[in-house]
Amino acid sequence: MARRGERGFTRMEVRQLGRSGLRVSTLTFGTMTFGGKGVYGISGTTGADGARRQVDLCLDAGVTTFDTADAYSDGRSEEILGQAIRGRRDRLLLSTKVRFQTGPGPNDAGLSRHHVMESCEASLRRLGTDHIDLYHLHEWDGQTPVEETLGALDDLVRSGKVRYVACSNFAAWQMMKALGSADQRGLPRFVATQVYYSLLERSAEREIVPACIDQGLGVLVWSPLAGGLLSGKYRRDADAPAGSRHLDPAWPEPPVHDREALYDTIEVLVEIADGHGVSPAQVALAWLLRRPGITSLVIGARDEQQLAGNLQAAELDLGDDEVRRLEEVSRTPLPYPHWHQASSALDRLGEADLALLRPYLEARQAGR
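Thresholds applied
- Residues numbered from 1 in each chain as written.
- Predicted model: local features only at pLDDT ≥ 70, side-chain atom pairs only at ≥ 80, totals over all residues.
- Heavy atoms only, no water.
- Buried < 20%, exposed > 50% of the residue type's maximum accessible area, 1.4 Å probe, protein only.
- Helix = DSSP H or I, 4+ residues; strand = E, 2+ residues; numbered from the N terminus.
- Pairing = 2+ DSSP bridges.
- Right-handed = clockwise from strand over helix to strand, strands pointing away.
- Axes fitted to C-alpha atoms, helices over the stretch in contact; angles between N-to-C directions.
- Contact = heavy atoms within 4.5 Å.
- Phe/Tyr/Trp six-rings, centres within 6.5 Å; stacked < 30°, edge-to-face > 60°.
- Lys NZ or Arg CZ within 6 Å of the ring centre and 35° of its normal.
- Polar contact = N/O pair within 3.5 Å; in protein donor to acceptor, adjacent residues only side chain to side chain.
- Salt bridge = Lys/Arg side-chain N within 4 Å of Asp/Glu carboxyl O.

A. Layout of the pairing of strand 6 (residues 132–137). With six of six residues buried, strand 6 lies mostly within the body of the structure. In this structure, strand 5 (residues 93–98) lies alongside strand 6, joined through four bridges in parallel fashion. Bridge pairing in strand 6 links Lys 97 to His 136. In this region the chain leaves strand 5, passes through helix 3 (residues 113–127) and returns to the parallel neighbour strand 6; the handedness of that crossover is right-handed. Summarising the sheet, strand 6 and strand 7 (residues 162–168) pair through five bridges and their orientation is parallel. Counted as the bridge partner of His 136 is Ala 166 from strand 7.

B. Examining the sheet that holds strand 5 more closely. An order of 3-4-5-6-7-8-9-10 is seen for the eight strands of this closed barrel, with the pairing classed as parallel. Between one strand axis and the next, the sheet turns by 30° as a mean value, whatever way the strands run. Seen against the sheet, helix 8 (residues 280–289) touches strand 3 (27–30), strand 9 (218–222) and strand 10 (294–299) and runs at an angle of roughly 155° to strand 10.

C. Region of interest: the packing of aromatic side chains. One pass over the full model with this rule turns up eight aromatic pairs. Ring centres 6.0 Å apart and planes at 90° place the aromatic pair Phe 170 and Phe 190 in the edge-to-face group. Of the two residues, Phe 170 sits in the loop between strand 7 and helix 5 (172–185) while Phe 190 sits in the loop between helix 5 and strand 8 (192–196), which places them 20 residues apart along the sequence. In terms of burial, Phe 170 and Phe 190 fall into one category: buried. Aromatic ring contacts, followed pair by pair, group Trp 140, Phe 170, Trp 173 and Phe 190 into a single cluster. Over the ring of Tyr 360 we find Arg 331, and its NZ or CZ is 5.1 Å from the ring centre.

D. Region of the structure containing the side chain of Thr 193. Note that Thr 193 resides in strand 8. A polar side-chain atom of Thr 193 sits 3.3 Å from the main-chain carbonyl oxygen of Cys 167. Setting aside residues no more than four positions away along its own chain, Thr 193 makes contact with Cys 167, Ser 168, Met 175, Ile 208, Cys 212, Leu 217, Gly 218, Val 219 and Leu 220.

E. Molecular detail of unusual backbone geometry. Geometrically, the link from Tyr 336 to Pro 337 is a cis peptide bond, its omega value of 5° lying close to zero. Of note in the backbone geometry, Ser 73 takes a positive phi value of approximately 50° without being a glycine. Structurally, the position occupied by Ser 73 is in the loop between strand 4 (65–67) and helix 2 (76–84). Assessed through its relative accessible area of 1%, Ser 73 is described here as buried. With a phi close to 55°, Ala 226 is a non-glycine residue in the positive phi region. Tracing the chain through its elements places Ala 226 in the loop between strand 9 and helix 7 (259–276). On the accessibility criterion, Ala 226 (0% relative accessible area) is buried.

F. Local environment of the pattern of salt bridges. Using the criterion set out here, one finds 24 salt bridges in the structure. Residue Arg 331 is joined to Glu 327 by a salt bridge in which the shortest nitrogen-to-oxygen separation is 2.4 Å. For Arg 331, a relative accessible area of 24% corresponds to the partly exposed category. The class of Glu 327 is buried, set by a relative accessible area of 5%. A salt bridge links Arg 358 to Glu 351; the nearest nitrogen and oxygen atoms lie 3.6 Å apart. For Arg 358, a relative accessible area of 32% corresponds to the partly exposed category. Within the structure, one salt-bridge network assembled from shared partners comprises Arg 202, Glu 205, Arg 291, Glu 327 and Arg 331.

What follows is the structure in structure tokens.
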């Protein structure tokens with residue numbers, strides 16, 4: 001029988017992070033809302049007291065992994081998270097990132113050895129810890145040799161300041177280039193990648209997720225609710241919620257390429273949510289947890305009520321027909337070469353191939 005925490009949450013599932021021995025909760029708490037400085041204030045302005053209450057809520061729900069980045073609110077997110085976990089560091093895993101601009105100098109950005117080493121030390125100070133459990137390269141740097149970056153990560157791992165390394169927002173070819181370089185030189189291999197993936201934007205299914213399945217990387221998903229667009233608050237022929245960041249030109253993420261397709265998806269989300277007596281957000285999160293290759297969803301919240309609702313998604317069990325309906329309403333046409341392989345390579349498809357192609361093949365067989 002599942003054990004419930006103090007606030008009534010069923011202890012959530014943990015999953016293996018790629019081929020590593022590390023296990024993480026299926027929901028990860030993202031702290032981009034901590035600090036509220038600069039452009040990040042659009043997403044939230046959680047201070048120290050609110051952060052501690054949200055961390056309490058997450059720990060009671062069984063969340064083991066907490067995600068931040070040095071760029072969030074100019075480091076303020078890391079500082080607040082460090083304060084919120086003080087005295088209980090051993091109960092959780094810390095994930096942070098390096099790549100974006102952290103100062104006025106020409107070497108205060110990118111993935112050079114200089115910036116990676118300097119940024120790691122600064123993150124450790126802000127977080128108030130002696131090690132980072134999962135250190136992400138936050139974005140690709142096409143001007144720094146990847147072996148230079150991996151060499152810096154190797155030094156950090158050997159020193160004990162970083163336990164595992166990962167990437168984020170890498171294209172599949174960029175990820176594979178880094179993995180190949182790591183394998184060739186005996187340098188730390190990524191155990192995971194963090195990507196944007198939602199019912200609104202499923203591009204990661206085409207190359208990134210199959211590559212992760214093939215190479216044994218865990219997949220962490222940021223913005224699984226498409227920045228709140230899948231919360232159920234945005235409806236066809238209705239005004240957007242007051243204060244919506246999607247109306248703010250300073251915050252262009254995530255892009256909406258087909259507004260009508262978005263509303264079609266939301267209608268199915270709302271119908272399924274009503275049938276379960278839950279929020280559309282919970283349904284959107286539960287659907288993603290059923291997708292091939294997915295390890296954990298990074299969820300954030302402006303307040304405790306929103307956070308508590310999202311945490312309950314880990315307990316929602318969708319039916320196969322509900323999963324299929326959501327997959328079909330949000331499906332996009334197969335790009336090349338995948339449509340060609342779906343008709344010409346059926347005799348030799350592996351699990352990585354089927355992570356993308358299986359739903360299309362099943363729909364074709366069923367005549368849908």
